Amino acid sequence: MYAPADRAVLADHLRGVQTIALSSTDAHGLCKWACLDVDQPEALPQLLALGTQLARRGLSGFVEASRRGGHLWLCFATPVPASAARPAVQHALAQIQADGQEVPSLELYPDTARVGALGHAVRLPLGVHQLTGQRYPLFDAEGRPCAFRSLETAMRFVLEGPTVPLNVLHGAGDVLDAPHGVQPSVDRPFTRASLAHGHPDRVGTISPMIRWVDAHVSPLDLLAELAPDAELRRVGRGYLGWCVFHDDRAADATGQPGTPSLYVVQDRRYGWSWRCLSTNCLHHLGPMRHSFRLFQELLGVTCAAALREACAWWPEADPEREADDALACPPGQ
Ligand SMILES: [Zn+2]
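Nothing here was measured: the structure is a model prediction, and the numbers come from that model.

The rules behind these values
Residues numbered from 1 in each chain as written. Predicted model: local features only at pLDDT ≥ 70, side-chain atom pairs only at ≥ 80, totals over all residues. Helix = DSSP H or I, 4+ residues; strand = E, 2+ residues; numbered from the N terminus. Contact = placed C-beta atoms within 7 Å. Axes fitted to C-alpha atoms, helices over the stretch in contact; angles between N-to-C directions. Parallel < 35°, antiparallel > 145°, perpendicular 65-115°, else oblique. Nonpolar A, V, L, I, M, F, W, Y, C, P; charged D, E, K, R; others polar. Pairing = 2+ DSSP bridges. Expected span 1.5 Å × (residues − 1). Buried ≥ 20, exposed ≤ 12 C-beta atoms within 10 Å, placed from the backbone. pLDDT = per-residue confidence, 0-100.

Student: Help me understand the overall build of the protein chain in this model?
Tutor: Check the secondary structure of the protein chain and you find 9 helices and 11 strands. Taking as baseline every contact in the protein chain between residues at least 6 positions apart, the subset at least 24 positions apart corresponds to 63%.

Student: What is the right way to look at the packing of helix 8 (residues 291-299) against helix 9 (residues 303-313) in this model?
Tutor: Geometry of a packed helix pair, given as the angle between the helix axes and the separation of the axes. One can describe the packing of helix 8 onto helix 9 by two numbers: an axis separation of 9 Å at closest approach and a directional angle of 105°. For the element pair helix 8 / helix 9, the angle class is roughly perpendicular. Judged by residue contacts, F292, F295, Q296 and L299 of helix 8 engage C303, A306, E309 and A310 from helix 9. In the contact of helix 8 with helix 9, the residues fall into 6 nonpolar, 1 polar and 1 charged.

Student: Quick question: what am I supposed to make of the pairing of strand 4 (residues 70-81) here?
Tutor: Within a regular strand, the side chains alternate between the two sheet faces. Inspection of the sheet shows strand 2 (residues 30-38) paired to strand 4 by 8 bridges, in the antiparallel sense. Across the sheet, the residue bridging to L30 is P81, located in strand 4. Summarising the sheet, strand 3 (residues 61-65) and strand 4 pair through 5 bridges and their orientation is antiparallel. Among the inter-strand pairings, V63 is bridged to a residue of strand 4, identified as L72. Counting the residues in the hairpin turn of strand 3 and strand 4 gives 4 residues.

Student: I keep staring at the pairing of strand 10 (residues 262-267) and nothing clicks. Help me out?
Tutor: Across 4 bridges, the pairing between strand 9 (residues 238-241) and strand 10 is antiparallel. Counted as the bridge partner of G238 is V265 from strand 10. Taking the residues that link successive antiparallel strands as the turn, the strand 10-strand 11 (residues 271-276) hairpin has 3 residues.

Student: Looking at this structure, I do not really get the sheet that holds strand 2. What am I missing?
Tutor: Neighbouring strands of a sheet are bound in pairs by backbone hydrogen bonds; such pairs are parallel or else antiparallel. On the basis of which strands lie adjacent, the open sheet formed by 5 strands has the order 5-2-4-3-7 and antiparallel pairing. Where the open sheet ends on each side, the last strands, each with one partner, are strand 5 (107-109) and strand 7 (138-139). Lying over the sheet, helix 3 (residues 82-98) contacts strand 2, strand 4 and strand 5, oriented at roughly 135° with respect to strand 4.

Student: Is there a simple way to think about the sheet that holds strand 10 in this case?
Tutor: Spatial ordering of the open sheet is given by 8-9-10-11, a layout of 4 strands whose pairing is antiparallel. Because the sheet does not close on itself, it has two edges, and the strands there are strand 8 (233-235) and strand 11. With strand direction ignored, the average angle separating the axes of adjacent strands in the sheet is 30°.

Student: Just to check I follow, could you spell out helix 3 for this structure?
Tutor: Along an α-helix, residues three or four positions apart point the same way, because every turn accommodates 3.6 residues. The first and last C-alpha atoms of helix 3 sit 24 Å apart over 17 residues, in line with the 24 Å expected at 1.5 Å per residue. Residues A82, A84, A85, R86, A88, V89, A92 and L93 constitute the buried set of helix 3. Just beyond helix 3, the residue with positive phi is G100, at close to 90°.

Student: Explain unusual backbone geometry to me, please; I cannot follow it from the model alone.
Tutor: Negative phi values dominate among residues other than glycine, just as trans dominates among peptide bonds. P110 follows Y109 through a cis peptide bond whose omega is 5°. Looking at where P110 falls in the secondary structure, it is placed in the loop between strand 5 and strand 6 (121-123). Even without being glycine, L126 reaches a positive phi, approximately 75°. If you trace the backbone, L126 turns up in the loop between strand 6 and strand 7.

Student: Explain helix 6 (residues 208-216) to me, please; I cannot follow it from the model alone.
Tutor: Looking only at helix 6, the buried set comprises M209, I210, R211, W212, V213 and D214. At its buried positions, helix 6 is contacted by strand 11, helix 8 and helix 9.

Student: Is there a simple way to think about the packing of helix 6 against helix 8 in this case?
Tutor: In the contact formed by helix 6 and helix 8, the axes pass within 7 Å of each other and the chain directions differ by 100°. What the angle tells us is that helix 6 and helix 8 run roughly perpendicular. Along its contact with helix 6, which presents I210, V213 and D214, the element helix 8 presents S291, F292 and F295. Residue composition of the contact of helix 6 with helix 8, by class: 4 nonpolar, 1 polar and 1 charged.

Student: Just checking my understanding: could you explain the confidence of the model for the protein chain for this structure?
Tutor: Predicted coordinates in areas of low pLDDT are best not read in detail. On average, residues of the protein chain score 79 in pLDDT, and 83% of them are at 70 or above. Across the protein chain, element-level confidence peaks in helix 7 (residues 219-226) with a mean pLDDT of 95 and bottoms out in helix 5 (residues 172-177) with 38. Counting interchain partners and residues more than four positions distant, the pLDDT-below-50 stretch residues 171-204 has 74 contacts. Counting contacts from residues 322-327, a segment whose pLDDT is below 50, to residues more than four positions away or on other chains yields 7 contacts.

Student: Honestly, the environment of V217 in this entry has me stumped. Any pointers?
Tutor: Locating V217 in the fold gives a position in the loop between helix 6 and helix 7. Taking the C-beta count within 10 Å as the criterion, V217 has 20 such neighbours and is therefore assigned buried.

This is how it looks when you write it as structure tokens:
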């Protein structure tokens, strides 16, 4: 039986009342996790070794024992199209093999990238297997089986574990530009009325000066001027550079050097937007930001001060802007 999983269903799964298997993709072809399934007696050591190799390539996950072998789970930082997730994992597996490491025979879920096709489901971790009556153990990064004192600590292990950042996926630009809802919403609510002004999706409660900067100033120019160290380079349809808001060049926990995670993209609907793809960064969470926010953050000043700066920087800006711009700052900026 296929049915959407809600909280009650998940709670029953964790209590062992019933055991559910989840399809990786939703109706839009987006997935939040991938699972590598190996069904053979030596699966666990193989998956633990594979997990180490994948983590070196930015695909960190955790291994779970299963009735016939094991699962290696990879969680994505945000939902991504299965059409991007599958090739990214396959590419990493091919690289590992090319480096002379063994890749066991495995099934990769999502097992379809076709939008609308749910594909096969995988038994969710932490439940009780209905045939064997067992809860199968999870393994920590050192390959030791975890001994959880409670379901809560087990859940925390899964939910607070590493996620695969978007920049690891092949063509991060294409992922973020995907048409079916992956483009994160912008900072603002939308109104239809604003369509008449040639600016789709911008609302009048935001200062006209902010709107002007968002519409006319490219983050690429701002970064070139105020943070040339970002060194943005074209990736897919967007640009990636060193984030100037966190230590992007620092090595990660496995000693691998950092990778550029400041992502800038322009599209017809939202104009210019940006965010940091690193989960270590304040500018990772929430909606995509626009140019004015970048200008303000790079100057390190309040919204009101950034508005005054903007008037000086771009004297050619919209002459209709209101005198009380400073009152129109969005909350919290
Ligand atoms: Zn950052």
